[in-house]
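Structure at a glance
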Amino acid sequence: MFDEKTLEQCRKLMEQYEQAVAERYQGRDFSSTTGSSGIPIKAAYTPLDIQDLDFEKDIGVPGTYPYMRSNYPLHYQFQPWINQPVHGYGLPEHTRERMDKLAEAGMEGYFGGRAYNIVCDVPTHFGVDPDDPDAQGYIGKDGVSCVTDEDFDRMLHGIDLTKTNIVLINGDTLPYLAHYIAYAESQGLTPDQLRGNTMNWQFGAWYAPNHLWETEGGLKLATDLIYFCSKGMPKWNHTNIQGHGMSETGADAVHQMSYAIATARAIADSCVAAGLDPDSFMPGIGFQIAQCNDFFEYICMFRAWRKLWASTAQERYGCKRASSMQLRTHTHTSCFELTKQQPLVNVIRSAFHALGAALSGTTAMEVPAYDEPIGIPTEESAILALRIQQVIRHETGIPKVSDPLAGSYYVEWLTHKMEEEARGVLKEIDDAGGFVKAHKSGMLMSTMRKHASGWRQAVDRGEEVVVGWNKYVVPEKEEIRPFRADPDVARIAIERIKEYKARRDQAKTDTALNALVAAAERLDRGEYGHVMPACVEAAKAKATAGEISKTLRKVFKWGPQYSVSLPH
Amino acid sequence: MKSNGKAKVLLVKHWMECHDRGVKSVASILRDAGFEVVYIVYMSPEEIVATAVEEDVDVIGMSFSTGAYDAHVPQVMRLLKERGLEDVMVLVGGLIPDEDIDWLKKQGVKGVFGAGADTNQLIEMVSTAGR
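Our subject in this report is the structure included herewith. Residue positions are counted from 1 within each chain, in the order its sequence is given. For this description, chains carry letters from A and ligands carry numbers from 1, given in the order in which they are written. Whole-chain, interface and lining totals are the exception, using all residues; otherwise, since this is a predicted model, local features are given only for residues with pLDDT of at least 70 and side-chain atom pairs are given and counted only at 80 or more. For side-chain calculations, the full set of non-hydrogen atoms in the structure is used, while hydrogens and water are omitted.

1. Quick look at the overall build of chain A
Looking only at helices and strands, chain A has 21 helices and 10 strands in total. A compact globule built from 568 residues would reach a C-alpha radius of gyration of about 24 Å, and chain A, at 24 Å, matches this within 12%. Structurally, chain A occupies a C-alpha span of about 85 × 60 × 50 Å along its principal axes. Note on classification: 1.4 Å probe, protein chains only; a residue is buried when its accessible area is under 20% of the maximum for its type, exposed when over 50%, partly exposed between these limits. Residues classed as buried in chain A amount to 60% of the 568 residues present. Once local pairs closer than 6 in sequence are excluded, the contacts in chain A between residues at least 24 apart make up 78%. The accessible surface values rely on the Shrake-Rupley method and a 1.4 Å probe; as for residues, cover is taken only from the protein chains in view. When the accessible surface of chain A is split by element, carbon and sulfur atoms take 53% of a total near 22000 Å². When charges are counted, neither His nor the chain ends are considered; positive counts come from Lys and Arg and negative counts from Asp and Glu. Here the site of a charge means NZ on Lys, CZ on Arg, CG on Asp, or CD on Glu. Once the 60 positive and 74 negative side-chain charges of chain A are each reduced to a mean point, those two points are 1 Å apart. Helix and strand assignments follow DSSP, with helices taken as H or I runs no shorter than four residues and strands as E runs no shorter than two, numbered in order from the N terminus. We compute the radius of gyration from the C-alpha atoms alone; for a globule the expected value is 2.2 Å times N to the 0.38, where N is the number of residues. The criterion used for residue contact is that any of the two residues' heavy atoms lie within 4.5 Å.

2. Digging into the overall build of chain B
A tally of regular secondary structure across chain B gives five helices and five strands. Secondary structure elements of chain B occur, N-terminal to C-terminal, as β-α-β-α-β-α-β-α-β-α. Taking 14 Å as the expected radius of gyration for a compact globule of 131 residues, we find that chain B reaches 13 Å, a close match to that expectation. Taken along the three principal axes of its C-alpha coordinates, chain B extends 35 × 35 × 25 Å. Long-range pairs, those at least 24 residues apart, make up 70% of the contacts in chain B between residues at least 6 apart in sequence. Summing over all exposed atoms, chain B offers an accessible surface of approximately 5300 Å²; the carbon and sulfur share of this is 49%. Across chain B, the 14 positively charged side chains and the 20 negatively charged ones have centroids separated by 3 Å.

3. Describing the side chain of Asn117 of chain A
Residues and elements named next belong to chain A. Mapped onto the elements of the fold, Asn117 is located in strand E3 (residues 114-119). Owing to a relative accessible area of 3%, Asn117 belongs among the buried residues under this scheme. N or O atoms within 3.5 Å of each other form a polar contact, as long as, within protein, one can give a hydrogen and the other can take it, and as long as residues adjacent in sequence are counted only when both atoms are side-chain atoms. Polar contacts involving the side chain of Asn117 include one to the main-chain carbonyl oxygen of Gln84, which spans 3.0 Å. Leaving out residues up to four positions away in the same chain, Asn117 has contacts with Gln84, Pro85, Val86, His87, Val167, Ile169 and His330.

Encoded structure:
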């Protein structure tokens, strides 16, 4: 990228530089600095550090393969990222109140449309109905309790689902999407008209002590969902790989990127084996990406991630469509780095994380509220978090230029380094027998745990400074009040589900659930395309999400797999 | 009290709880401090107490990230009492608003170690268990 004259000047000037450092700082060693992924970082970068990069292959321009600099030739200039705060609590009608408030406060999707990023409570997440004894103590507390088509109606009535992006954050995805489809059909719509996103986290809510389905069975369910969507829901993004969850569990930037791509590869491999054309399902795979404290490292991770994904799509899967190669991203800025102590400082932290995400060229963003170390956000804190995104979008001038940090010697060097490191981790996974083996053996979890433990030890020793927690500590009394859902939520949710079951045609429900068992058995034998339609039929026959989930458990192994072992 | 003179600790998290980074860090911290630590993902409060008996622990540490302590802590305290295990020290950690700490202590919880809690204070408190 540089002519010999420039490189010669660099070598000469860097010699002078090294000499100046040695003289001015009396030989003190500054070379031990590393980024948060452990990559050694120098104090200054020059063309010498990126002389081996090829401009066309390694950097390029926005909107061309390998899309490192941006998915599109014009990005925020044409369409800024979707501001997409996660929201959900209590009963569906409570969540609707927050949806409306956030929309009123300027939460918007592409081209002024609406996008709602709705999180369910943990029972719904795990496919457990409110009337199940396991759900007690958890109903509506950290998300919305929503387990039937009627619950979707309570939450979404009057919203034009053909023009609205509905993001369903939930683990046990098939039964949940089935009820969403049943609701949409009750409104006269067909699945192909629906736009939005499911998570498809069949075998890993990474930060949770328990995952849903045993790895191979989970992969089959994930594949069946994708099969269904790629045939009949072209506007639906079926899969969202949970990089953020990996980060919250302990993965550093390099491991977040590589483990997320390894997960996506396992799912894509399974889809190919099921006979799907990669270009039919790759555009529906997106990534939820954590943007954390180490400002430049996470920006470079993001750029490297786009490049690595594009080359994965093209080289591994032979994709031809640009949308198969373009990394669809939802940034979820860091949570583990937010503190309960001096909580308003979290607004500052999140603003830097969000700034990093905007400079990275993300396509959607969730910024947590400052009070999340004590609970889910209040209306006031949720709107303040939204304001962070709005200030960056409207007041900083950042959207004017795509990938504005490109060309920085440091940024280009680090981006390339992150890519190299990630390729190394992906190879380690391949060498260990592939993702499924690495997931089941606990290899991935164990690495993430080691990082989490190391981080905590560094905080306890004061080597990792956390403002307000281990430095600049002040005596304080917690001034903020936690958000609490209405105490009647559990009672009402339980009454509703009992009434829902009492009112249905039980014989019809039983028939649909029996058909689901047969479809699940076929899926277990590797026959795709039957389970998700059977889930939709069961939802239309008023089987609850929990009942559909329990039916699937008759065939697929479900429950804790690796997490009861102690970390090392 | 165990052979090395140190308390044995049972750490628990409900199977539906999300976010186990904290409790697993506590497991590492206590183990590094020389305590024997057992960690279980529980389905019901009965399982916690049954494990406490079986493992003969001095401390139970319950971790919550979604506020279910209002349902689970009183049940565990009641079951411990029924089994005559009032001297087992119960600690709570996770996402705990300060305004709930008094309530937890009234239930018989000895200490609350939430986000950003001091590692040394935790170790000190666990050290006093079983004596």
